[in-house]
Amino acid sequence: MCGIVGYIGKRNAYPILIKGLHRLEYRGYDSAGIALVDDEGALNVYKCKGKVAALEHFVETKNLGGSIGIAHTRWATHGVPNDVNAHPHCSVSENIALIHNGIIENYRVLKDALEANGYTFRSTTDSEVLVNLIEYIRSTNCCTLLEAVQQALKQVIGAYSIAVIERGNRDEIIAARKSSPLVVGIGEGEYFLGSDPASLIEYTNNFVYVKDGEVALIRRNHPLKLVTLDNRESKIDIKQLELSISQLEKGGYPHFMLKEIYEQPKTIVDCIRGRVNPDSGNVKLSGVIDNRERFLRARRIIFVACGTSWHASLIGEHLIENICRIPVEVEYASEFRYRNPIIHPDDIVVAVSQSGETADTLAAVELARKAGAFVFGICNVVGSSISRATDSGAYIHVGPEIGVASTKAFTGQVTVMAMLALTIGKELGTVSDDYFHEVSQALLELPDKLTEVLKLDAQISELSKIFTYAHNFIYLGRGYNYPTALEGALKLKEISYIHAEGYPAAEMKHGPIALIDNEMPTVVIATPDHTYAKTVSNMEEVKARGGRIIAIIAHEDEQVRRIADYCIEVPVVTECLMPIVVSVPLQLLAYHIAVNKGRNVDQPRNLAKSVTVE
Ligand code: F6R
């Protein structure tokens, strides 16, 4: 989704802005642009459709001077991706340049009013309306740029993070946020601005997270100032972020996605560190223990999430219902927030989000809090909006996930959910000591099991060649592995653009079986569990209709080997953690098929990493 970078200080702004844009590329975008005020005060704006590399090529012969500037990657919402719709947008007089992440919902009304006052527009974006509104206010009220931004934002309905600079003013950037991420990085006599602190980590690890409704006044040689739209000053709270640059680079892998798949043995170690005690086998999430009473009186747990995080939540539902015997509901955050849900003050709402910035999940959190529920976050990005909006939570600690298709975050989320279920289950007394220790021991063994699974990579790469040109896939699984089937199908469609559907295996007979033929591969998760025999019968039904089967099996499973066309054999772990083991070969299968098809694996078309608009 759109990315924002800004710089003001003593260095040349251009290289810093371009580096920042490259670091934000993972978020997904379709055009890029930059605005600089040079030392004479001239405002130079350059933008074009396509990748940041295209922008770099475009500006090669241009004036790139200036120690203040703003830059943007755009993910189209209002208007097609083209040069004109790319940001920055300039006001009619070309005195003010603005970059914007988010959506101005009432842009039509504002645009009509501006048109009535003689304003004309070059683009079809909502963002160009905002920059002209700022200019209109600034000229008619003869006010400062800060005041004009404050007054304009009071008229805006929607979500935004923005940054604004002005011709003739090389000393000031005005930035503001509502429901869309924005941080100010603090350097020595310089400031950085970004949608994601990770994009600025080579310059500083001191960050101020701008809050909703705040405007940042970032001035050369002045302390940072945060004010509300009503000009009340807010406290500056500097947070330190521990992150290394190597975590943001491919480290010799051809793609971030492959690197992240391979990181999983280590990310699980990081995820369980300090939470599963290797000596006693005890499991503790402090976010639960610190709010013990709240969890003990929970009548219901509601998971809210989107996409892969929603799939992980479905596994969380099984874990919590089995281990804690608390009823669980799993909701798409986007549906939950608009359907007037029944939320009791005794409910616990668990918001699951890798980025911690997903607009729908954030809105669901706000709704749940208003209804008096206790909100627990399971996020990856430290300091993200959702992690700050929740009452308590547990980070998954898997490090930055740059590939658009989520991999290590999914396995980290399921691992945290297992620890969540064990911690609550123990407090409630709903889990036996034997089962508690079986699962905690299995958590400790997971990293080694995943290392074993990764040895399947060469076999899966070969297998992928057979299925690269299939047009449709179906993924079947049951119980804990029904969500794994959904996730496997999502991975394939996201990065290879092959249509794929996940189904509970037994549901196949109620419709999808009509699709089965020799052309449509069926991926069946047939690892041992209490529905194993039923799943084997479903495989027979697929074979009887000429379907081709790729089966994920455990052990030397002769029965399934006789039915399936191809088998991928994974190590066995306790049933409730099998999704973590099984998801890895499914990630690899999707990855290799996408590579065979020549797809842009890390930045698939139309997708964004951090979905900060509804
Ligand atoms: C799929 C994927 C998306 C995200 C979804 C929610 O690979 O990455 O489906 O899971 O957009 O994102 P987060 O978890 O950041 O809230």
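That block above? That's the structure.
Note that the structure is a prediction, hence the values are computed from the model and not measured. (Residues numbered from 1 in each chain as written. Predicted model: local features only at pLDDT ≥ 70, side-chain atom pairs only at ≥ 80, totals over all residues. Heavy atoms only, no water.)

Chemist: For the overall build of the protein chain, give the residues involved together with the corresponding values.
Modeler: A tally of regular secondary structure across the protein chain gives 20 helices and 25 strands. Computed over C-alpha atoms, the radius of gyration of the protein chain comes to 26 Å, within 12% of the 25 Å expected from 2.2 N^0.38 for 614 residues, which places it in the range of a compact globule. Projecting the C-alpha coordinates of the protein chain onto the three principal axes gives extents of approximately 80 × 55 × 45 Å. Residue pairs in contact within the protein chain that sit at least 24 positions apart in sequence constitute 71% of those at least 6 positions apart. In the structure as shown, the protein chain presents an accessible area of about 22700 Å², 49% of it carried by carbon and sulfur atoms. Taken as two groups, the 62 positive and 74 negative side-chain charges of the protein chain have centres that lie 2 Å from each other. (Helix = DSSP H or I, 4+ residues; strand = E, 2+ residues; numbered from the N terminus. Rg over C-alpha atoms; globule rule 2.2 N^0.38 Å. Contact = heavy atoms within 4.5 Å. Areas by Shrake-Rupley, 256 points an atom, 1.4 Å probe, with all protein chains shown as cover. Lys, Arg positive; Asp, Glu negative; His and termini not counted. Charge placed at Lys NZ, Arg CZ, Asp CG, Glu CD.)

Chemist: Lay out the packing of aromatic side chains with the relevant residues and their values.
Modeler: A full pass over the atoms with the stated rule returns 10 aromatic pairs. Between Tyr253 and Tyr262, the ring centres sit 5.7 Å apart and the planes meet at 40 degrees, which makes this aromatic pair tilted. With a relative accessible area of 29%, Tyr253 lands in the partly exposed category. Three or more aromatic residues joined by ring pairs make a cluster, and in this case those are Phe467, Phe473, Tyr475 and Tyr566. Against the face of Phe121 rests Lys111, its NZ or CZ located 5.0 Å from the ring centre. Over the ring of Phe436 we find Lys426, and its NZ or CZ is 4.8 Å from the ring centre. (Phe/Tyr/Trp six-rings, centres within 6.5 Å; stacked < 30°, edge-to-face > 60°. Buried < 20%, exposed > 50% of the residue type's maximum accessible area, 1.4 Å probe, protein only. Lys NZ or Arg CZ within 6 Å of the ring centre and 35° of its normal.)

Chemist: So what's going on with the sheet that holds strand E20 (residues 392–395)? Residues and values would help.
Modeler: As summarised here, the arrangement of the 5 strands in space is E17-E16-E18-E19-E20, forming an open sheet in which the pairing is parallel. Among the strands making up the open sheet, the edge pair consists of strand E17 (328–332) and E20. Pairwise comparison of adjacent strand axes, ignoring direction, gives a mean angle of 20 degrees for this sheet. Here 6 bridges tie strand E18 (residues 347–353) to strand E19 (residues 374–379), and the two strands are oriented parallel to one another. Each bridged residue has a counterpart across the sheet, and for Val350 the counterpart in E19 is Phe376. Set on the sheet, helix H10 (residues 307–324) makes contact with strand E16 (300–305), E17 and E18; between it and E17 the angle comes to about 175 degrees. Strand contacts of helix H14 (residues 408–428): E16, E18, E19 and E20, with the helix running at about 140 degrees to E19, the strand carrying the most contacts. (Pairing = 2+ DSSP bridges. Axes fitted to C-alpha atoms, helices over the stretch in contact; angles between N-to-C directions.)

Chemist: Describe the environment of Thr527, naming the residues involved and giving the relevant values.
Modeler: Here Thr527 is to be found in the loop between strand E23 (521–525) and helix H18 (532–544). Along the backbone, Thr527 and Ala333 are 194 residues apart, and their C-alpha atoms lie at a distance of 31 Å. Discounting chain neighbours no more than four positions away, the residues touching Thr527 are Asn481, Tyr532, Ile552, Ile553, Ala554, Val570, Met578 and Val582. A polar side-chain atom of Thr527 sits 3.5 Å from a polar atom in the side chain of Asn481. (Polar contact = N/O pair within 3.5 Å; in protein donor to acceptor, adjacent residues only side chain to side chain.)

Chemist: Lay out the pairing of strand E13 (residues 225–228) in plain terms, naming residues and giving numbers.
Modeler: Examined bridge by bridge, strand E12 (residues 214–219) and E13 share 4 bridges and lie antiparallel to one another. Its bridge partner being in E13, Val215 is matched across the sheet by Val227. Linking E12 to E13, which pair antiparallel, is a turn of 5 residues; within it Asn221 sits at a positive phi near 60 degrees. Taking the residues between adjacent antiparallel strands as the criterion, E13 and strand E14 (residues 233–234) are bridged by 4 residues, where Asn231 takes a positive phi near 70 degrees.

Chemist: Can you tell me about the site of the ligand, naming the residues and giving the values?
Modeler: Surrounding the ligand, one finds 15 residues, the nearest of these being Ser309, Ser353, Gln354, Ser355 and Thr358. Between an oxygen atom of the ligand and a side-chain N or O atom of Glu494, the distance comes to 2.8 Å. Burial of the ligand by the surrounding chains reaches 90%, relative to a free accessible area of 400 Å². Those elements that place two or more of their residues in the shell around the ligand are H10 and helix H17 (482–496). (Near = heavy atom within 4 Å.)

The analysis is restricted to geometry; functional conclusions fall outside its scope.
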